[in-house]
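# Overview (structure and organization)
Below, each chain spelled out in residue letters.
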Amino acid sequence: MSAIPSHGNSGRLPGFEETDNTADVPGKRATLVLHMDRFNQVTRQVCQVAESKRPPFAWYAAFAVSLSLVGLLGICVNYLIFTGVGVWGLNNPVMWAFDITNFVFWVGIGHAGTLISAILFLFRQKWRTGINRFAEAMTIFAVICAGLFPGIHVGRVWLAYWLFPIPNQMDMWPQFRSPLLWDVFAVSTYFNVSLLFWYVGLIPDLATLRDRAKGTIQQFAYGLFALGWRGSNRHWHRYERAYLLLAALSTPLVLSVHSVVSFDFAVSQLPGWHTTIFPPYFVAGAIFSGFAMVVTLAVPARQMFGLKDMITLRHLDNMNKIILVTGCMVGYAYSMEFFIAWYSGAMYEKFAFVNRAFGQYWWAYWIMVSCNVITPQLFWFKKIRTSIPIMFALSLVVNIGMWFERFVIIVTSLANDFLPTSWDFFTPTWVDMGTMMGAFGLFGTLFLLFCRYLPMVAIAEIKATMPQADPHWPGYGHHHGAGAAHAAHSPDAPHAP
Amino acid sequence: MLDGRFANIGWMQELPDPVTKITWDNALLLSPTTANRLGVKQGAMVKVTAGDRSMQAAVFAVPGMADDTAAIALGNGRKEVAGTIATDAGFDAYPMRTTAAMGMLRGASVQATGDTYTFAHTQDHGSIDAALIPSVPHNSVQERLPTLVRETTLESYRHHPDFAEHAVHVPHRLSLWQEGNLDGAQFRWAMSVDLTTCTGCQSCVTACQAENNIPIVGKDQVKRGREMFWIRVDRYFRGADPAKPDGFAVQPLTCVQCENAPCEQVCPVAATVHDSDGLNNMVYNRCIGTRYCSNNCPYKVRRFNFFDYQRRDPIREQQGPMQVKPEYYVETGPDEWLRMQFNPEVTVRMRGVMEKCSFCVQRIAQAKIKYKNEWAKAGGTASGKPNYSIPDGAVVTACQQACPAQAIVFGDLNDPTSKVSKLHAARVSYGLLEELNTKPRLKYMARVRNPGVDHGAGGHGHDHGSGDGHGGHANNGTQNGAQA
């Protein structure tokens, strides 16, 4: 097997130093957990974050910023609800702008989590174990942010529950032909399944935290949510089945949710929205933005909490490859949209796309193209894929680009539609900006709390990817590495090729 | 405004100028060529001087103006205590007016002061300089204009009476949905608008506002593009050069009451639905304000209550959007009489709901009640079916009632002898954007013009159907002093 130092490097701060494990050795599995040969090293490394007396200073700084933005969000949302949707910059043709842009943006961000946890699980991509936990957490928090916007953007918020098919005295159902209603079902299903999937995966790790906890509150809290997990063989069996089933349930959701979100646009007849390419294009874009957000979060998190041996450079390199691939898909979609608009021969369709690139919002279009299509091409170079500062910057660029993509689709199409006499220009107000930043604050706050109190890496799962989890591991003869708090479970034990 | 005596009427202030579409202000109108030569942009403040008299006003370059000529409407810009609405609305042109020539002034000069002013207009938002700079959108407007406002000359019409049918060619009209079946309906209300006789005066707009309890929203909201008119009069300049248009077209537009309405398909709570007469109705009580219907409306005739406009003080500019004065709804107090201005037949809409033209459904209902009662009294109930009829012309919409050119006709398509049936059957009758399979109930009679011989000299738009149609605009020309 791979060369893992069998004893800890003295003088090395575990988890805080970069090791390049991106080289591929033919015939050998790449090492995914570095500098560890004992399972309890993993446990200790992950749990120390939740168990430490106080988190690093950077955590406090980030938390203060995020929490302040949540305050801003509260102000903006209250102002909106008490005054009217007019506090946003919306106008007559542009009835949706930042609200739905942010909604689609956050739903898109949410996609990487389920892709990593479900699809990569079914495809037996073991490197997912390093990042799946916090990518799933990111998904849940992103969907919370996404769900906020359709909720508050309606004119009469207090009646928004009419969107749900609740039996009522009016004897009215929602209108099932409306894509907005499909959205309600798609997003709420997605949220519930993601939350369940995340929680089920957390149970063994919560039990670990419970067992290690020294304070009564921690013991109670972790114990409550660990649901009496004892790590018995039967528990593991049930757990594996449930996890597999949930993965199978989530997999179609990865594709369906953003397809349904894209129906909001594709089903309408507005030029620039009424486009059959939208479902696959939106899914590719969602995975693109989701992975960019995972990189944006992983880079500081692994630095802050010393997880570099588990979220290794190889993980980041893999994600950057996915960003490159999906970025190319998105670029293909952009050009195909133009081609179809021209090929359709439809006057309004052609104008919608020419106007995107050269009309009053040309700058937004070109920000989108340069951020989503041009700059990700740098990831063809391995040096760039493995350079922490550059990949961090590029991931931010992709996030910006994908926000602008939604803005371009929504606002440019609405602002200049069929009748030139109703054309207008959308200008955001401070409430638009505040709500958008506030949503980032909400996301950040939830994510930072997650980092502080829950295991950021799937402890049980990642152990299974270590060579020591393989019953045929040569080291067993003289070294009992499996003496960690939990028996290393190996659902698909690596019978090494 | 006439001479200014009507300047304190909110409806007058918010009614857009028929050509510039400016609300709440008047402007010093220049031709785009002259504005470019003077180096002033839209909204630039200028000082107009003639002898020892001078005034300041903001410039609005409007295609079709004669070069080296400036014009401004009287009646705005009242400084004295004129009321909350009139005070400071626009610019006062009276200082330039002398008894020597009441409506005319020669030898004035125009100089930019360097300040700028923001107009609130209901068209050309975001392309404020469209008149000055040819652009992608302008070219596209010209491309689609022949299909939107179909017109021809009398000469050509004699040879091609079917010209309006061929403006757009649509091979297939397929529906994603099973369309609502309106066969066998007792009534099929419809409207016809004659583009040949419409002058663009916009009295329909104010009539509709009065009938349907439509609020004025103030200058700041118009600037944001939130005017609430249920009927609007679209204005187009025709021609490749935006500064020198070949023609001018107006087109009144209400909700066209699509039989196959895009708005209905996307509303998640079924707040906009068809009734059996084929009307596309808004159910205000059911509307939660997702605004999706407006996004999917190709005509953009839907209006959203971004604030509680009915409760807000109808002054020119609100101090921030927060200001909401619930004065109309107080049970007692000095302003109770304000509530009496509302038409009791029409719901007053609250914030957060969408609204739009209803084809004056309250007037239809009144007519139905009247004729159904007569029918019942005459023993019609014996048949068991409500087979009463409403005579043609018994339902008159507010816009139709106010139209001085009688360009708007309303009636029942089920009655083959009704005027609207005959007009809809005419060859020049066409539906706006009907290629989208919306099946509009509002149809236009394409415009047939009989232009005179152009004698060359002046050369600018000879086709001003509406120039001065409304509200007593007095053109107070200044002339010739423009310094290059």
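These numbers were taken from a predicted model, which means no experiment stands behind them. (Residues numbered from 1 in each chain as written. Chains lettered and ligands numbered in written order. Predicted model: local features only at pLDDT ≥ 70, side-chain atom pairs only at ≥ 80, totals over all residues. Heavy atoms only, no water.)

### Considerations on the overall build of chain B
- Of the regular secondary structure elements, chain B holds 11 helices and 20 strands.
- Out of the 484 residues belonging to chain B, those deemed buried represent 56%.
- A fraction of 73% describes how many contacts in chain B between residues 6 or more apart in sequence connect residues 24 or more apart.
- As displayed, chain B has an accessible area near 20,100 Å², and 53% of this comes from carbon and sulfur atoms. (Helix = DSSP H or I, 4+ residues; strand = E, 2+ residues; numbered from the N terminus. Buried < 20%, exposed > 50% of the residue type's maximum accessible area, 1.4 Å probe, protein only. Contact = heavy atoms within 4.5 Å. Areas by Shrake-Rupley, 256 points an atom, 1.4 Å probe, with all protein chains shown as cover.)

### Some words on the pattern of salt bridges
- Following the criterion strictly, the structure yields 27 salt bridges over all chains and no others.
- For Arg128(A), the salt bridge is made with Glu461(A), and the minimal N-O distance between the two is 2.9 Å. Of this pair, Arg128(A) sits in helix 5 (residues 128–153) while Glu461(A) sits in helix 16 (residues 459–463), placing them 333 residues apart in sequence. Grouping residues by exposure puts Arg128(A) and Glu461(A) together as buried.
- In this structure, the salt-bridge partner of Arg53(B) is Asp52(B), at a minimum N-O distance of 3.8 Å.
- Through salt bridges with shared partners, one network takes in Glu151(B), Arg238(B), Arg447(B) and Arg449(B). (Salt bridge = Lys/Arg side-chain N within 4 Å of Asp/Glu carboxyl O.)

### Describing the interface of chain A and chain B
- The interface is formed by 65 residues belonging to chain A together with 63 residues belonging to chain B.
- Together chain A and chain B conceal approximately 5,300 Å² of surface at their shared face, both sides included; 58% is due to carbon and sulfur atoms.
- When the area that chain A buries against chain B is broken down by residue, the three leading residues are Arg156(A), Leu419(A) and Thr421(A), summing to 13%.
- At the boundary of chain A with chain B, the tally comes to 2 salt bridges.
- For the salt bridge of Arg291(B) with Asp99(A), the shortest nitrogen-to-oxygen distance reads 2.9 Å. (Buried area = accessible area lost by both parts, 1.4 Å probe.)

### Quick notes on the packing of aromatic side chains
- Counting across every chain of the model gives 64 aromatic pairs over all chains.
- Both rings, one in Phe307(B) and one in Tyr309(B), keep their centres 6.1 Å apart while their planes meet at 90°; by these two values the pair is edge-to-face.
- On the basis of relative accessibility, which here comes to 3%, the residue Tyr309(B) falls in the buried class.
- What links up through ring pairs into an aromatic cluster is the set Phe105(A), Trp106(A), Phe134(A), Phe141(A), Trp198(A), Phe440(A), Phe443(A), Phe447(A) and Phe450(A).
- Against the face of Phe306(B) rests Arg226(B), its NZ or CZ located 4.4 Å from the ring centre.
- Sitting over the ring of Phe304(B), Arg291(B) keeps its end group 5.2 Å from the ring centre. (Phe/Tyr/Trp six-rings, centres within 6.5 Å; stacked < 30°, edge-to-face > 60°. Lys NZ or Arg CZ within 6 Å of the ring centre and 35° of its normal.)

### Section: the nonpolar core
- In this structure, Trp106(A), Phe134(A), Phe291(A), Phe450(A) and Tyr299(B) are the most contacted members of the largest nonpolar core, which totals 277 residues.
- No other element matches the 18 residues that helix 9 (residues 278–305) of chain A contributes to this core.
- Both domain 1 (1–134 + 472–484) and domain 2 (138–240 + 246–448) of chain B contribute no fewer than three residues apiece to this core.
- In contact with Trp106(A), not counting residues within four places along its chain, are Ala142(A), Cys145(A), Ala146(A), Phe149(A), Met293(A), Ala439(A), Phe440(A) and Phe443(A). (Core = buried A, V, L, I, M, F, W, Y, C linked by side-chain atoms within 4.5 Å. Domains from an automatic or database assignment.)

Nothing here speaks to function; it is all geometry.
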